[in-house]
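# Secondary and tertiary structure notes
Residue-level listing of the chains:
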Amino acid sequence: MRLGLRARLSLIVAVGATVVSTMAALGLYWDTSDEVSDAITAELRVRMADLPAEIDDPAAGSATRRHLVADQVIDATGTVVSPRGETAILTPRELAAALDHELIVERPVPGVGHDVRILAERLGSERGVPLVGVTATSTRPLVHVRDRLLLVLLVATPLLTAAVTLTAWGLAGAALRPVSRMARRAETISMAAAGERLPQPAGRDEIADLGRRLNAMLARIETTVAHERAFVDDASHELRTPLTVLRGELELAREDDEPAALRRSVASALEETDRLIGLTESLLTLARTDAGQVPTTTAPCDLAAAAGRALDRLPVPAPIAASVHGEAASVDAPPEWIDQVVTNLLVNALDHAAGAVRVDVTADDGRVRLRVADDGPGFPAELLPRVFDRFTRGDQSRGRGGTGLGLAIVAGIVRALGGEVEAGNGPPLGGARVEVTLPRRPGATGSPAAGAPDSEP
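Notes on the structure follow. (Residues numbered from 1 in each chain as written. Predicted model: local features only at pLDDT ≥ 70, side-chain atom pairs only at ≥ 80, totals over all residues. Heavy atoms only, no water.)

Attention now moves to the pairing of strand 4 (residues 116–126). Pairing analysis gives 4 bridges linking strand 3 (residues 103–106) to strand 4, with the strands arranged antiparallel. Following the sheet pairing, Glu106 is matched in strand 4 by Arg117. Pairing geometry for strand 4 and strand 5 (residues 129–138), over 10 bridges, is antiparallel. Residue pairing across strands places Val116 opposite Ser138, the latter belonging to strand 5. Between strand 4 and strand 5, which pair antiparallel and follow one another directly, the connecting turn spans 2 residues, one of which, Arg127, has a positive phi of 60°. (Pairing = 2+ DSSP bridges. Helix = DSSP H or I, 4+ residues; strand = E, 2+ residues; numbered from the N terminus.)

Written out as structure tokens, the structure reads:
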């Protein structure tokens, strides 16, 4: 069973709190035990310092003895020198060790208790016989402190862990509450109702930033959907016109028996069919560029040479002089796409030029720039911001039955190839100007384009 984010966060906090509190409890337990144990040993040493005086003054020893369980002075033979007549606390082995170094042992002592700490060390000698001082006290206070501390820690540690876990659960719930609200709202959002957005959390934290980014994404999706709907509407309108004409011509041909009229109908039907084929191919190209489906076959393409070939193919009206200027500059791209970009730009320029069309190709900083300009009236000011949109046409002076997809296809191809495209009016010929920038083929070197004139036409 997969736990939710809130449960996982609380579980992680619970485990961390358990580990930390357990380590802290163990540290406190051992530190407190050591402190009490050291205090008992220090008390025994203080008493040990007073033992020599008891040998000469037994009354002083009796006054002090009330504060300790037991104390003795034993000679090397095991005889208790003070207080006389008592049974020695130390065993012969412990006595021998005490004569050599300070001895601290814990064991039961008859008449004293089960938990007793004994401190023994050599005090000097009497009549040539070494003496050993012995002090002993119950460690029952240490045991009592340990038991009480262990009980407190066994109760406090789970309570502290539970409190920290509950706090983490509440904080996680409060932090994730905006996410839950956004999730519930997301279930009700659809493209049928434009403008719907997720509830925006207040503040500038990560959750608020997530809400802002998701709402921005919804706005982009809404714009894209609206754009695609408009595209479908425009495409349907563009397809309906030639299909209607084609149907009318075919019906006319079916009903008209005159050969001349029949030929005219067939010719008109063929013209509309060609227009449909061209429109369909344009729409297919746009769909591929939108999906980023770049053809796998690429080759070095010289933009200046491609422009020259396109001018050779296209019918250039007699009053118009068209020329290519610049250097040979290659890009890695599908050749058919480069030919379509150059052809579309030249067709647009030739359709609206008054007397001249100029193509300039330059290369610098790893980029190749292709500029196609004409001396016509230029793009209308209201059209310029959306000149690369689909089915965008100007007035009749700039639109002569085209589909409005030529520049849209250019923009789609260029962007799919990682380039940029922009349009404007003005130099070099004073009319419309479209400039395409593409990444230059690595290792390509520029040279004057073959057959390109070096001066204005």
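Now that the structure has been shown, we can carry on.
Another point: unusual backbone geometry. Of the consecutive residues Ser82 and Pro83, the connecting peptide bond is found in the cis state with omega at -15°. As for its position among the elements, Pro83 is in the loop between strand 2 (80–82) and helix 3 (92–100). In this structure, Pro428 follows Pro427 across a cis peptide bond, with omega equal to 10°. Along the polypeptide, Pro428 turns up in the loop between strand 11 (420–425) and strand 12 (432–439). Positioned with a positive phi, Arg127 is a non-glycine residue whose angle comes to about 60°.

A sheet is described by the order of its strands in space; here 5 strands give the open sequence 2-1-5-4-3, paired in antiparallel fashion. Each end of this open sheet is capped by a strand with a single partner; those strands are strand 2 and strand 3. Across this sheet, the average inter-strand angle for adjacent strands is 30°, counted without regard to direction. Pairing analysis gives 2 bridges linking strand 1 (residues 70–75) to strand 2, with the strands arranged antiparallel. Counterpart to Val73 in the pairing with strand 2 is Ser82. (Axes fitted to C-alpha atoms, helices over the stretch in contact; angles between N-to-C directions.)

Among the residues of helix 3, those classed as buried are Glu94, Leu95 and Ala98. Around the axis of helix 3, the buried residues are gathered within 100° of arc, so they sit on the same side. Exposed residues pointing more than 90 degrees away from the buried face of helix 3 are listed as Pro92, Arg93 and Asp100. In this structure, the buried residues of helix 3 make contact with strand 1, strand 3, strand 4 and strand 5. (Buried < 20%, exposed > 50% of the residue type's maximum accessible area, 1.4 Å probe, protein only. Arc of directions from axis to C-beta. Contact = heavy atoms within 4.5 Å.)

To continue, consider the pattern of salt bridges. Per the stated rule, a full pass over the model turns up 12 salt bridges. One salt bridge in this structure joins Glu102 and Arg45, with 3.0 Å as the shortest N-O distance. Of this pair, Glu102 sits in the loop between helix 3 and strand 3 while Arg45 sits in helix 1 (residues 5–56), and the two are 57 residues apart along the sequence. When the shortest N-O distance is used, the salt bridge between Arg47 and Asp71 registers 2.5 Å. Taken together, the positions of Arg47 in helix 1 and Asp71 in strand 1 put the pair 24 residues apart, joining distant regions of the chain. On the basis of relative accessibility, which here comes to 2%, the residue Asp71 falls in the buried class. Among the ionic contacts, a cluster of salt bridges with common partners joins Asp209, Arg212 and Arg213. (Salt bridge = Lys/Arg side-chain N within 4 Å of Asp/Glu carboxyl O.)

Right, let's get into a nonpolar patch on the surface. A contiguous nonpolar surface patch, about 460 Å² in accessible area, is contributed by Leu3, Leu11, Val15, Val19 and Met23. The residue Met23 is located in helix 1 in this model. Under the relative-accessibility criterion, Met23 is labelled exposed at 58%. (Patch = residues over 30% accessible without salt bridge, like charges linked within 9 Å, V, L, I, M, F, W, Y side chains within 5 Å. Areas by Shrake-Rupley, 256 points an atom, 1.4 Å probe, with all protein chains shown as cover.)

It is worth spelling out the pairing of strand 11 at this point. Here strand 11 pairs with strand 12 via 6 bridges, running antiparallel. Following the sheet pairing, Ala423 is matched in strand 12 by Val434. The hairpin formed by strand 11 and strand 12 contains 6 residues between the paired strands, and Gly426 there has a positive phi angle of roughly 125°.

A few words on the environment of Leu252. Relative to the helices and strands, Leu252 resides in helix 5 (residues 206–255). Separated by 13 residues in the primary sequence, Leu252 and Ser265 place their C-alpha atoms 7.0 Å from one another.

In this section: the environment of Leu243. Examined against the element boundaries, Leu243 turns out to sit in helix 5. With 26 residues separating them in the primary sequence, Leu243 and Ala269 have C-alpha atoms 9.3 Å apart.

This paragraph deals with the packing of helix 8 (residues 335–352) against helix 9 (residues 406–416). In helix packing, the relevant descriptors are the interaxial angle and the interaxial distance, both defined with respect to the helix axes. At a minimum axis distance of 9 Å, the contact between helix 8 and helix 9 shows a crossing angle of 145°. Of the two elements, helix 8 crosses helix 9, and the hand of that crossing is left-handed. Along the contact surface, helix 8 presents Trp337, Gln340, Val341, Asn344, Leu345 and Asn348, while helix 9 presents Gly406, Leu407, Ile409, Val410, Ile413, Val414 and Ala416. Residue classes in the contact of helix 8 with helix 9 are distributed as 9 nonpolar, 4 polar and no charged. (Left-handed = near helix turned anticlockwise from the far one by under 90°. Nonpolar A, V, L, I, M, F, W, Y, C, P; charged D, E, K, R; others polar.)

To continue, consider the nonpolar core. As a rule of thumb, soluble globular proteins bury nonpolar side chains together. Residues Ile338, Leu345, Leu346, Leu370 and Val436 are the most contacted members of the largest nonpolar core, which totals 48 residues. When residues of this core are assigned to their parent elements, the largest contribution, 8 residues, is made by helix 8. Apart from the residues lying within four places of it in its own chain, the contact partners of Leu345 are Leu370, Val372, Leu407, Val410, Val434 and Val436. Core analysis: the second largest hydrophobic core is formed by 16 residues, Leu95, Ala98, Val116 and Val134 among them. (Core = buried A, V, L, I, M, F, W, Y, C linked by side-chain atoms within 4.5 Å.)

Within the secondary structure layout, Arg358 lies in strand 9 (residues 356–364). By relative accessible area, Arg358 is classed as buried at 11%. Here His325 takes part through its side chain, which lies 3.5 Å from a polar atom of the side chain of Arg358. (Polar contact = N/O pair within 3.5 Å; in protein donor to acceptor, adjacent residues only side chain to side chain.)

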